[in-house]
Amino acid sequence: MKHYKECQDEIVEVLDAKTREQLYPHWYPARQALKLDPKGKLLRDDEILQNLPVGTTATMYFRDLGPQLGWTMVFLAEYIGPLLTYLLFYFRVPYIYSHRHAFTSSPHPVVTLACACHTFHYMKRLIETIFVHRFSHGTMPLRIIVRNCAYYWGFSAWLAYYINHPLYTPPSYGDLQVSYALIIFVVCELGNFSIHLTLNNLRGDGELGRRYPVPTKNPFTWLFFFVSCPNYTYEVGAWLSFSIMTQCLPVALYTLLGFIQMTIWARGKHKAYSREFKDYPSLRMAIVPLIL
């Protein structure tokens, strides 16, 4: 801890990364945090000390956030794993299934289609991470990255194991079920991409959080009329259609867990929009139109 009165005048005004690096040179800025109370919230990097609830003196408590990794690298790590893991099962590498099934292709066309859809989904995510997304926070703790990667990589391996299993049976309603599910999947993937482009354009002027997203001329964005986070709505729709296409229980479970998590994120974003903007549309729900 350190009294800010003891600091030089030029580093008292703003708690930016440069200031923290001067105060604590043994930790790089991304893993440093300051707060006024040991049990209080962390101060933001753009906090101005004279606007904080302190008197002529104040005690700053330092917290080491631990090793950090940039958000771009976080998402690359999370998405490259499932992409490659699934392909290992699809190409039947040795020691995954029995020896007589190694390097053999599945007789069911839906297996190849599922691999194409899964690969497309994560390739799209990687492209969005590199060229589309803009991140409001610089880093994520390394311990959380390990947990997230275990979740994505583990589920990818689990569902890939069953979909590409030599004893896998195709959907009950055959090509009809697969075809309709594929159409929904493509629509949801295009919708998800359209929403991400819209959000990126909203942040293009650097005024993050000062405007809420609205529908554009792109029909895929019209879902903004009904929900605050249509990107999550489309994401859930894509995985739901993938579950129907493959008729695989692990995929359905993965979809359910993803829906629960995305609902939590969407409700948080919805509440933030409602608090910040007095004219925020009352018709909008968080993730499911008219319901949730």
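Conventions used here
- Residues numbered from 1 in each chain as written.
- Predicted model: local features only at pLDDT ≥ 70, side-chain atom pairs only at ≥ 80, totals over all residues.
- Heavy atoms only, no water.
- Helix = DSSP H or I, 4+ residues; strand = E, 2+ residues; numbered from the N terminus.
- Buried < 20%, exposed > 50% of the residue type's maximum accessible area, 1.4 Å probe, protein only.
- Contact = heavy atoms within 4.5 Å.
- Areas by Shrake-Rupley, 256 points an atom, 1.4 Å probe, with all protein chains shown as cover.
- Phe/Tyr/Trp six-rings, centres within 6.5 Å; stacked < 30°, edge-to-face > 60°.
- Axes fitted to C-alpha atoms, helices over the stretch in contact; angles between N-to-C directions.
- Parallel < 35°, antiparallel > 145°, perpendicular 65-115°, else oblique.
- Left-handed = near helix turned anticlockwise from the far one by under 90°.
- Nonpolar A, V, L, I, M, F, W, Y, C, P; charged D, E, K, R; others polar.
- Salt bridge = Lys/Arg side-chain N within 4 Å of Asp/Glu carboxyl O.
- UniProt positions renumbered as here; feature names shortened; annotations may be inferred.
- Patch = residues over 30% accessible without salt bridge, like charges linked within 9 Å, V, L, I, M, F, W, Y side chains within 5 Å.
- pLDDT = per-residue confidence, 0-100.
- Expected span 1.5 Å × (residues − 1).

Engineer: Provide a residue-level description of the overall build of the protein, including the pertinent values.
Structural biologist: Each helix and strand counted, the protein has seven helices and five strands in total. Counting across all 292 residues of the protein, residues that qualify as buried make up 40%. Sequence-distant contacts, at least 24 apart, represent 76% of the contacts inside the protein between residues at least 6 apart. On the protein, roughly 17000 Å² of surface is accessible, and the fraction owed to carbon and sulfur atoms is 64%.

Engineer: How would you explain the packing of aromatic side chains if you had to name every residue and give the values?
Structural biologist: Considering all chains together, one arrives at 21 aromatic pairs under this definition. Between Tyr90 and Phe91 the ring centres are 5.1 Å apart and the planes differ by 75°, which places this aromatic pair in the edge-to-face class. Both rings, one in Phe155 and one in Trp158, keep their centres 5.8 Å apart while their planes meet at 55°; by these two values the pair is tilted. Pair noted here: Phe155 and Trp158 are both in helix α4 (residues 142–163), with a separation of three residues, about one helical turn.

Engineer: Account for the packing of helix α5 (residues 174–202) against helix α6 (residues 230–246), naming residues and giving values.
Structural biologist: The angle between the axes and the distance between the axes are what describe a pair of packed helices. Contact geometry for α5 and α6: axes closest at 8 Å, N-to-C directions at 160°. It follows that α5 is roughly antiparallel to α6 by the angle criterion. Considering how the two elements wind past one another, α5 and α6 form a crossing that is left-handed. Residues of the contact of α5 with α6, tallied by class, amount to 15 nonpolar, seven polar and two charged.

Engineer: Can you tell me about the pattern of salt bridges, naming the residues and giving the values?
Structural biologist: One pass over the structure, following the stated rule, counts three salt bridges. Between Glu189 and Lys124 there is a salt bridge whose closest N-O contact spans 3.8 Å. Residue Glu189 is found in helix α5, and its partner Lys124 is found in helix α3 (residues 109–131); the two are separated by 65 residues along the sequence. Looking at Glu189, the relative accessible area reads 2%, which means it is buried. Across the salt bridge formed by Glu235 and Arg125, the nearest N and O atoms sit 2.0 Å from each other. Of the two residues, Glu235 is situated in helix α6 and Arg125 in helix α3; the sequence distance between them amounts to 110 residues. As far as the burial class goes, Glu235 and Arg125 line up, both buried.

Engineer: Can you tell me about the UniProt feature "transmembrane region" (unreviewed entry) in the protein, naming the residues and giving the values?
Structural biologist: In the UniProt entry, the feature "transmembrane region" (unreviewed entry) is given for residues 69–91, 144–163, 178–199, 220–245 and 251–268. The span residues 178–199 carries 100% helix and 0% strand; its end-to-end C-alpha distance comes to 31 Å. Taken end to end, residues 220–245 is 62% helix and 0% strand, and its first and last C-alpha atoms sit 22 Å apart.

Engineer: I'd like to hear about a nonpolar patch on the surface, residue by residue, with values.
Structural biologist: Among the surface-exposed residues, Trp158, Tyr162, Leu253, Leu256, Leu257, Ile260, Ile264 and Trp265 lie close enough to one another that they form a single nonpolar patch of about 750 Å² accessible area. Given the relative accessible area of 47%, Leu256 is considered partly exposed.

Engineer: Describe the packing of α6 against helix α7 (residues 249–276), naming the residues involved and giving the relevant values.
Structural biologist: At their nearest, the axes of α6 and α7 sit 9 Å apart, and the two run at 170° to each other. Relative to α7, the element α6 is oriented roughly antiparallel. Mapping the contact onto sequence places Tyr232, Glu235, Val236, Trp239, Leu240, Phe242, Ser243 and Thr246 in α6 and Val251, Ala252, Tyr254, Thr255, Phe259, Met262, Trp265 and Ala266 in α7.

Engineer: Residue-level account of the confidence of the model for the protein, with values.
Structural biologist: In this model, the protein carries an average pLDDT of 82, and 69% of its residues clear a pLDDT of 70 or more. Between the elements of the protein, mean pLDDT differs from a low of 41, seen in strand β1 (residues 2–3), to a high of 98, seen in α6. Long-range and interchain partners of residues 1–15, a stretch whose pLDDT sits below 50, account for 44 contacts in this model, where long-range means more than four residues apart.

Engineer: Which residues make up α6, and what values go with them?
Structural biologist: Counting along an α-helix, one turn takes 3.6 residues, and residues three or four places apart therefore face a common direction. Between the first and last C-alpha of α6 there are 24 Å, a value that for 17 residues agrees with the 24 Å anticipated at 1.5 Å per step. Buried residues dominate α6, accounting for 14 of its 17 residues. Immediately beyond the C-terminal end of α6, within one or two residues, lies Gln247, with a positive phi of roughly 50°.

Engineer: Break down the environment of Leu190 for me, with residues and values.
Structural biologist: For Leu190, the location among the structural elements is in helix α5. According to the relative accessible area criterion, Leu190 is partly exposed, its value standing at 42%. Residues Leu190 and Tyr234 lie 44 residues apart in sequence; the distance between their C-alpha atoms is 8.6 Å.

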